[in-house]
Amino acid sequence: MNKNYNFAFLDEGSKREIRRAALKAVAIPGYQVPFGSRELPIGRGWGTGGIQLTLSLIGPDDMLKVIDQGSDESVNAVNIKKFVGLCTDIETTTDTRKATIIQTRHRIPEIPLTNEQILILQVPIPEPLRVVEAREEVTKKMHAEKDYAPMWLQLYESLVKYKRVTIASEYPCMVEGRYMMNPSPIPKFDNPKLHKAECLYLFGAGREKKIYAVPPYTEVVSLAFDDIPFEKESFTGKICRLCGSADTYLDEVFDAQTGERVYQCSDTSYCQEVRSRAAR
(Lines give C-alpha, C1' and ligand atoms only; values in the text may rest on other atoms or scores of the structure.)
Protein backbone atom coordinates (compact mmCIF):
# COMPACT_ATOMS: atom_id res chain seq x y z
CA MET A 1 0.00 0.00 0.00
CA ASN A 2 1.20 3.52 -0.76
CA LYS A 3 2.00 4.96 2.69
CA ASN A 4 1.07 8.47 1.53
CA TYR A 5 -2.60 7.45 1.63
CA ASN A 6 -4.94 6.35 4.37
CA PHE A 7 -6.15 2.79 3.78
CA ALA A 8 -8.75 3.03 0.99
CA PHE A 9 -7.91 6.73 0.50
CA LEU A 10 -10.85 8.21 2.46
CA ASP A 11 -10.38 9.25 6.08
CA GLU A 12 -12.00 7.02 8.70
CA GLY A 13 -14.68 9.57 9.60
CA SER A 14 -15.81 9.82 5.98
CA LYS A 15 -15.97 6.04 5.67
CA ARG A 16 -18.06 5.75 8.84
CA GLU A 17 -20.51 8.37 7.55
CA ILE A 18 -20.89 6.58 4.21
CA ARG A 19 -21.37 3.22 5.99
CA ARG A 20 -24.12 4.73 8.15
CA ALA A 21 -25.90 6.00 5.02
CA ALA A 22 -25.52 2.54 3.44
CA LEU A 23 -26.99 0.85 6.54
CA LYS A 24 -30.00 3.17 6.43
CA ALA A 25 -30.41 2.40 2.72
CA VAL A 26 -30.40 -1.33 3.50
CA ALA A 27 -32.98 -0.80 6.23
CA ILE A 28 -35.32 1.07 3.83
CA PRO A 29 -34.99 -0.73 0.47
CA GLY A 30 -35.25 1.57 -2.54
CA TYR A 31 -35.17 4.79 -0.49
CA GLN A 32 -32.58 7.38 -1.54
CA VAL A 33 -30.42 8.30 1.46
CA PRO A 34 -28.51 11.60 1.19
CA PHE A 35 -24.83 11.58 2.16
CA GLY A 36 -21.88 13.93 2.16
CA SER A 37 -20.17 13.02 -1.11
CA ARG A 38 -16.40 13.44 -0.91
CA GLU A 39 -13.98 14.74 -3.50
CA LEU A 40 -11.88 12.10 -5.27
CA PRO A 41 -8.95 12.38 -7.69
CA ILE A 42 -11.24 11.16 -10.46
CA GLY A 43 -13.24 13.19 -12.95
CA ARG A 44 -17.00 13.54 -12.73
CA GLY A 45 -18.75 10.78 -14.60
CA TRP A 46 -16.27 8.10 -13.57
CA GLY A 47 -18.53 6.73 -10.86
CA THR A 48 -17.46 8.63 -7.73
CA GLY A 49 -20.52 7.47 -5.77
CA GLY A 50 -19.79 3.81 -6.42
CA ILE A 51 -16.10 4.31 -5.71
CA GLN A 52 -16.84 5.94 -2.34
CA LEU A 53 -19.01 2.97 -1.36
CA THR A 54 -16.26 0.57 -2.42
CA LEU A 55 -13.58 2.48 -0.51
CA SER A 56 -15.78 2.64 2.60
CA LEU A 57 -16.63 -1.07 2.66
CA ILE A 58 -13.49 -2.76 1.41
CA GLY A 59 -11.14 -4.49 3.85
CA PRO A 60 -7.71 -6.15 3.64
CA ASP A 61 -9.25 -9.59 3.10
CA ASP A 62 -11.60 -8.58 0.28
CA MET A 63 -11.11 -9.34 -3.39
CA LEU A 64 -12.29 -6.69 -5.84
CA LYS A 65 -13.68 -6.98 -9.35
CA VAL A 66 -14.49 -3.88 -11.43
CA ILE A 67 -16.43 -3.97 -14.69
CA ASP A 68 -17.63 -1.32 -17.11
CA GLN A 69 -20.54 -2.33 -19.36
CA GLY A 70 -19.59 -5.93 -18.65
CA SER A 71 -15.92 -5.56 -19.55
CA ASP A 72 -13.04 -6.07 -17.10
CA GLU A 73 -10.59 -4.28 -19.39
CA SER A 74 -12.28 -0.97 -20.23
CA VAL A 75 -10.56 2.31 -19.35
CA ASN A 76 -12.98 2.99 -16.50
CA ALA A 77 -12.58 -0.48 -14.95
CA VAL A 78 -8.80 -0.64 -15.28
CA ASN A 79 -8.17 2.79 -13.78
CA ILE A 80 -10.54 2.25 -10.84
CA LYS A 81 -8.73 -1.02 -10.06
CA LYS A 82 -5.40 0.80 -10.22
CA PHE A 83 -6.64 3.54 -7.89
CA VAL A 84 -8.08 1.13 -5.30
CA GLY A 85 -4.97 -1.05 -5.49
CA LEU A 86 -2.70 1.96 -4.95
CA CYS A 87 -4.28 2.79 -1.60
CA THR A 88 -5.23 -0.69 -0.31
CA ASP A 89 -3.00 -3.38 -1.83
CA ILE A 90 -6.02 -5.69 -1.92
CA GLU A 91 -6.28 -8.39 -4.58
CA THR A 92 -8.27 -7.81 -7.76
CA THR A 93 -9.79 -10.44 -10.01
CA THR A 94 -11.74 -10.85 -13.22
CA ASP A 95 -13.45 -13.99 -11.87
CA THR A 96 -16.99 -13.11 -10.74
CA ARG A 97 -17.17 -16.07 -8.36
CA LYS A 98 -13.97 -15.13 -6.49
CA ALA A 99 -14.82 -11.47 -5.89
CA THR A 100 -16.31 -10.37 -2.57
CA ILE A 101 -16.97 -6.82 -3.81
CA ILE A 102 -17.90 -6.08 -7.41
CA GLN A 103 -18.11 -2.51 -8.64
CA THR A 104 -19.93 -2.10 -11.92
CA ARG A 105 -21.09 0.45 -14.42
CA HIS A 106 -24.10 -0.35 -16.61
CA ARG A 107 -24.22 -4.15 -16.15
CA ILE A 108 -24.97 -6.94 -13.66
CA PRO A 109 -22.81 -10.06 -14.18
CA GLU A 110 -24.38 -13.03 -15.92
CA ILE A 111 -23.23 -15.43 -13.18
CA PRO A 112 -25.71 -15.31 -10.24
CA LEU A 113 -24.12 -13.70 -7.17
CA THR A 114 -24.17 -15.18 -3.67
CA ASN A 115 -24.99 -13.91 -0.19
CA GLU A 116 -21.25 -13.47 0.44
CA GLN A 117 -20.93 -10.84 -2.29
CA ILE A 118 -21.76 -7.15 -2.62
CA LEU A 119 -22.49 -5.55 -5.99
CA ILE A 120 -21.92 -1.78 -6.07
CA LEU A 121 -23.41 0.13 -8.98
CA GLN A 122 -22.24 3.52 -10.21
CA VAL A 123 -25.27 5.78 -10.71
CA PRO A 124 -25.34 9.08 -12.62
CA ILE A 125 -28.98 10.04 -11.87
CA PRO A 126 -30.62 8.20 -8.95
CA GLU A 127 -34.06 9.80 -9.21
CA PRO A 128 -36.43 7.65 -11.34
CA LEU A 129 -38.97 10.50 -11.51
CA ARG A 130 -36.53 13.01 -12.98
CA VAL A 131 -37.82 12.30 -16.50
CA VAL A 132 -41.30 13.45 -15.49
CA GLU A 133 -40.49 16.04 -12.79
CA ALA A 134 -37.38 18.22 -12.65
CA ARG A 135 -37.93 19.69 -9.16
CA GLU A 136 -36.28 17.80 -6.31
CA GLU A 137 -38.75 19.01 -3.69
CA VAL A 138 -41.65 17.71 -5.81
CA THR A 139 -40.11 14.28 -6.42
CA LYS A 140 -39.49 13.89 -2.69
CA LYS A 141 -43.16 14.61 -2.02
CA MET A 142 -44.21 12.16 -4.73
CA HIS A 143 -42.13 9.39 -3.12
CA ALA A 144 -43.53 10.24 0.32
CA GLU A 145 -47.10 10.01 -1.00
CA LYS A 146 -46.31 7.09 -3.31
CA ASP A 147 -47.66 9.21 -6.15
CA TYR A 148 -46.19 7.60 -9.24
CA ALA A 149 -49.01 8.40 -11.68
CA PRO A 150 -46.81 10.57 -13.98
CA MET A 151 -44.43 7.66 -14.56
CA TRP A 152 -47.30 5.30 -15.33
CA LEU A 153 -48.63 7.92 -17.74
CA GLN A 154 -45.29 8.07 -19.51
CA LEU A 155 -45.32 4.27 -19.97
CA TYR A 156 -48.88 4.47 -21.30
CA GLU A 157 -48.00 7.22 -23.78
CA SER A 158 -45.07 5.14 -25.03
CA LEU A 159 -47.38 2.17 -25.59
CA VAL A 160 -49.92 4.29 -27.45
CA LYS A 161 -47.31 5.92 -29.67
CA TYR A 162 -44.90 3.04 -30.32
CA LYS A 163 -46.96 -0.05 -29.34
CA ARG A 164 -44.28 -0.92 -26.78
CA VAL A 165 -42.39 0.63 -23.88
CA THR A 166 -39.29 2.19 -25.42
CA ILE A 167 -37.22 2.56 -22.23
CA ALA A 168 -34.05 0.56 -22.92
CA SER A 169 -32.08 1.24 -19.73
CA GLU A 170 -32.79 2.73 -16.28
CA TYR A 171 -36.14 0.93 -16.49
CA PRO A 172 -38.01 1.92 -13.28
CA CYS A 173 -39.01 -0.72 -10.77
CA MET A 174 -40.88 -0.96 -7.49
CA VAL A 175 -38.99 -2.19 -4.44
CA GLU A 176 -41.03 -4.14 -1.88
CA GLY A 177 -44.14 -2.51 -3.33
CA ARG A 178 -43.21 0.83 -1.76
CA TYR A 179 -40.49 2.91 -3.44
CA MET A 180 -39.95 3.42 -7.13
CA MET A 181 -36.27 2.98 -7.92
CA ASN A 182 -33.91 3.72 -10.78
CA PRO A 183 -31.78 0.55 -11.15
CA SER A 184 -28.96 2.67 -12.70
CA PRO A 185 -28.28 2.60 -16.46
CA ILE A 186 -28.31 -1.19 -16.65
CA PRO A 187 -30.18 -2.60 -19.66
CA LYS A 188 -33.67 -3.81 -18.78
CA PHE A 189 -32.32 -7.29 -19.59
CA ASP A 190 -30.68 -7.12 -16.13
CA ASN A 191 -33.73 -5.91 -14.18
CA PRO A 192 -34.99 -9.44 -13.32
CA LYS A 193 -31.64 -10.18 -11.65
CA LEU A 194 -32.54 -7.70 -8.89
CA HIS A 195 -35.61 -9.66 -7.80
CA LYS A 196 -35.05 -11.92 -4.77
CA ALA A 197 -31.29 -11.95 -5.42
CA GLU A 198 -28.98 -13.48 -2.82
CA CYS A 199 -26.43 -10.65 -2.90
CA LEU A 200 -26.60 -7.10 -1.56
CA TYR A 201 -26.98 -4.38 -4.20
CA LEU A 202 -25.72 -0.90 -3.30
CA PHE A 203 -26.18 2.12 -5.55
CA GLY A 204 -23.99 5.22 -5.23
CA ALA A 205 -24.52 8.58 -6.94
CA GLY A 206 -21.60 10.88 -6.09
CA ARG A 207 -22.68 14.00 -7.95
CA GLU A 208 -26.28 13.72 -6.69
CA LYS A 209 -25.10 12.70 -3.18
CA LYS A 210 -27.46 9.73 -2.82
CA ILE A 211 -27.09 6.11 -1.73
CA TYR A 212 -29.79 3.44 -2.00
CA ALA A 213 -29.90 -0.32 -1.72
CA VAL A 214 -31.64 -3.58 -2.55
CA PRO A 215 -30.95 -6.06 0.28
CA PRO A 216 -30.85 -9.83 -0.32
CA TYR A 217 -34.17 -11.59 -1.07
CA THR A 218 -35.98 -8.30 -1.73
CA GLU A 219 -38.96 -8.07 -4.07
CA VAL A 220 -38.08 -5.90 -7.08
CA VAL A 221 -40.70 -5.68 -9.82
CA SER A 222 -40.25 -3.76 -13.08
CA LEU A 223 -43.17 -1.47 -13.91
CA ALA A 224 -45.70 -3.10 -16.24
CA PHE A 225 -49.44 -3.07 -16.85
CA ASP A 226 -51.50 -6.12 -15.91
CA ASP A 227 -52.39 -6.88 -19.52
CA ILE A 228 -49.02 -5.88 -21.02
CA PRO A 229 -46.19 -7.63 -19.14
CA PHE A 230 -42.64 -6.38 -18.78
CA GLU A 231 -40.39 -7.53 -21.60
CA LYS A 232 -36.60 -7.51 -21.59
CA GLU A 233 -34.41 -7.35 -24.69
CA SER A 234 -34.62 -10.39 -26.92
CA PHE A 235 -31.63 -11.83 -28.76
CA THR A 236 -33.56 -14.65 -30.41
CA GLY A 237 -31.62 -16.12 -33.30
CA LYS A 238 -28.37 -14.44 -32.25
CA ILE A 239 -25.38 -16.03 -30.51
CA CYS A 240 -22.04 -14.85 -29.17
CA ARG A 241 -19.40 -15.21 -31.90
CA LEU A 242 -16.78 -16.17 -29.30
CA CYS A 243 -18.48 -18.66 -26.96
CA GLY A 244 -21.77 -19.44 -28.70
CA SER A 245 -23.99 -18.31 -25.80
CA ALA A 246 -27.56 -17.48 -26.77
CA ASP A 247 -29.04 -16.57 -23.38
CA THR A 248 -26.81 -13.65 -22.35
CA TYR A 249 -26.85 -9.92 -23.06
CA LEU A 250 -25.07 -9.45 -26.38
CA ASP A 251 -23.24 -6.43 -27.75
CA GLU A 252 -23.44 -5.72 -31.45
CA VAL A 253 -19.94 -5.07 -32.83
CA PHE A 254 -18.41 -4.47 -36.23
CA ASP A 255 -16.08 -7.16 -37.55
CA ALA A 256 -13.43 -5.35 -39.58
CA GLN A 257 -12.31 -8.56 -41.29
CA THR A 258 -15.70 -9.56 -42.67
CA GLY A 259 -17.28 -6.11 -42.73
CA GLU A 260 -20.36 -7.50 -40.98
CA ARG A 261 -22.21 -6.77 -37.74
CA VAL A 262 -21.71 -9.60 -35.24
CA TYR A 263 -22.63 -10.26 -31.60
CA GLN A 264 -20.60 -11.14 -28.55
CA CYS A 265 -21.18 -11.39 -24.79
CA SER A 266 -21.15 -8.10 -22.94
CA ASP A 267 -19.88 -9.92 -19.82
CA THR A 268 -16.27 -10.70 -20.79
CA SER A 269 -15.62 -12.82 -17.68
CA TYR A 270 -18.61 -15.07 -18.37
CA CYS A 271 -17.65 -15.38 -22.03
CA GLN A 272 -14.09 -16.41 -21.08
CA GLU A 273 -15.39 -18.98 -18.58
CA VAL A 274 -17.65 -20.60 -21.18
CA ARG A 275 -14.77 -20.80 -23.65
CA SER A 276 -12.45 -22.28 -21.00
CA ARG A 277 -15.01 -24.96 -20.14
CA ALA A 278 -15.40 -25.80 -23.82
CA ALA A 279 -11.63 -26.05 -24.25
CA ARG A 280 -11.33 -28.44 -21.29
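Residues numbered from 1 in each chain as written. Predicted model: local features only at pLDDT ≥ 70, side-chain atom pairs only at ≥ 80, totals over all residues. Heavy atoms only, no water.

1. Some points on the overall build of the chain
Right, so step 1: Scanning the chain from terminus to terminus reveals 6 helices and 12 strands.
Right, so step 2: Relative to the compact-globule value of 19 Å for 280 residues, the chain shows a C-alpha radius of gyration of 19 Å, a close match.
Right, so step 3: Expressed as lengths along the three principal axes of its C-alpha atoms, the size of the chain is roughly 60 × 55 × 30 Å.
Right, so step 4: Out of the 280 residues belonging to the chain, those deemed buried represent 50%.
Right, so step 5: In the chain, the share of contacts with a sequence separation of at least 24, taken over all contacts with a separation of at least 6, comes to 60%.
Right, so step 6: Total accessible area computed for the chain in this model is approximately 13800 Å², and 51% of it derives from carbon and sulfur atoms. (Helix = DSSP H or I, 4+ residues; strand = E, 2+ residues; numbered from the N terminus. Rg over C-alpha atoms; globule rule 2.2 N^0.38 Å. Buried < 20%, exposed > 50% of the residue type's maximum accessible area, 1.4 Å probe, protein only. Contact = heavy atoms within 4.5 Å. Areas by Shrake-Rupley, 256 points an atom, 1.4 Å probe, with all protein chains shown as cover.)

2. Overview of a nonpolar patch on the surface
Right, so step 1: A grouping of Leu-153, Tyr-156 and Val-160 is seen on the molecular surface, where their side chains present a nonpolar patch of about 300 Å² in accessible area.
Right, so step 2: The residue Leu-153 is located in helix H5 (residues 149-162) in this model.
Right, so step 3: Note on Leu-153: relative accessible area 46%, which makes it partly exposed. (Patch = residues over 30% accessible without salt bridge, like charges linked within 9 Å, V, L, I, M, F, W, Y side chains within 5 Å. Salt bridge = Lys/Arg side-chain N within 4 Å of Asp/Glu carboxyl O.)

3. Some remarks on the packing of aromatic side chains
Right, so step 1: Per the counting criterion, the structure on display carries 8 aromatic pairs.
Right, so step 2: Relative to Phe-83, the ring of Phe-9 lies with its centre 5.4 Å away and its plane at 65°, an arrangement referred to as edge-to-face. Linking Phe-9 in the segment before helix H1 (12-27) with Phe-83 in helix H3 (residues 75-88), this pair joins segments that are 74 residues apart in sequence.
Right, so step 3: Taking the relative accessible area as the measure of exposure, Phe-9 reaches 24% and is therefore partly exposed.
Right, so step 4: For Phe-83, a relative accessible area of 11% translates into the label buried.
Right, so step 5: Taking 6.1 Å as the distance between ring centres and 65° as the angle between the ring planes, the aromatic pair formed by Phe-189 and Phe-235 counts as edge-to-face. Placement of Phe-189 in the loop between strand S7 (179-181) and strand S8 (200-205) and of Phe-235 in the loop between strand S10 (220-222) and strand S11 (250-255) is noted, with a sequence separation of 46 residues between them. Of the two residues examined, Phe-189 and Phe-235, each falls in the buried class.
Right, so step 6: Taken together through their ring pairs, the aromatic side chains of Phe-189, Phe-235 and Tyr-249 make up a single cluster.
Right, so step 7: Geometry around Phe-189 places Lys-232 over its ring, the cationic atom sitting 4.5 Å from the centre. (Phe/Tyr/Trp six-rings, centres within 6.5 Å; stacked < 30°, edge-to-face > 60°. Lys NZ or Arg CZ within 6 Å of the ring centre and 35° of its normal.)

4. A closer look at the layout of surface pockets
Right, so step 1: The volume enclosed by the largest pocket comes to roughly 300 Å³.
Right, so step 2: Broken down by class, the residue content of the lining of the largest pocket amounts to 12 nonpolar, 1 polar and 6 charged. (1 Å grid on protein atoms, 1.4 Å probe; cavity = no way out; pocket = protein on both sides within 12 Å on 5 of 7 lines; lining within 4 Å. Points joined across faces, edges and corners; volume = space filled by probe spheres on them. Nonpolar A, V, L, I, M, F, W, Y, C, P; charged D, E, K, R; others polar.)

5. Details of H5
Right, so step 1: Here H5 is 14 residues long and its end C-alpha atoms lie 20 Å apart, about the 20 Å a rise of 1.5 Å per residue gives.
Right, so step 2: All buried positions along H5 are accounted for by Met-151, Leu-155, Ser-158 and Leu-159. Looking straight down H5, one finds its buried side chains confined to an arc of 100°; they lie on one side.
Right, so step 3: Turning to H5, the residues buried within the fold contact S7.
Right, so step 4: In the segment just after H5, Lys-163 is the residue with positive phi, at about 70°. (Expected span 1.5 Å × (residues − 1). Arc of directions from axis to C-beta.)

6. What about the pairing of strand S12 (residues 260-265)?
Right, so step 1: As judged from the 6 bridges shared by S11 and S12, these two strands associate in the antiparallel manner. Each residue of the ladder has a partner; that of Asp-251, found in S12, is Gln-264.
Right, so step 2: Between the end of S11 and the start of S12, which pair antiparallel, lie 4 residues, with Gly-259 showing a positive phi angle near 75°. (Pairing = 2+ DSSP bridges.)

7. Examining the sheet that holds S7
Right, so step 1: Taken in spatial order, the 3 strands make up an open sheet running S7-S6-S10, and their pairing is antiparallel. This sheet does not close on itself; its edge strands, each paired only once, are S7 and S10. Adjacent strand axes in the sheet meet at a mean angle of 30°, parallel and antiparallel pairs treated alike.
Right, so step 2: Strand direction decides the pairing type here: strand S6 (residues 173-175) and S7, joined by 3 bridges, are antiparallel. Residue pairing in the sheet places Cys-173 in a bridge with Met-181 of S7. (Axes fitted to C-alpha atoms, helices over the stretch in contact; angles between N-to-C directions.)

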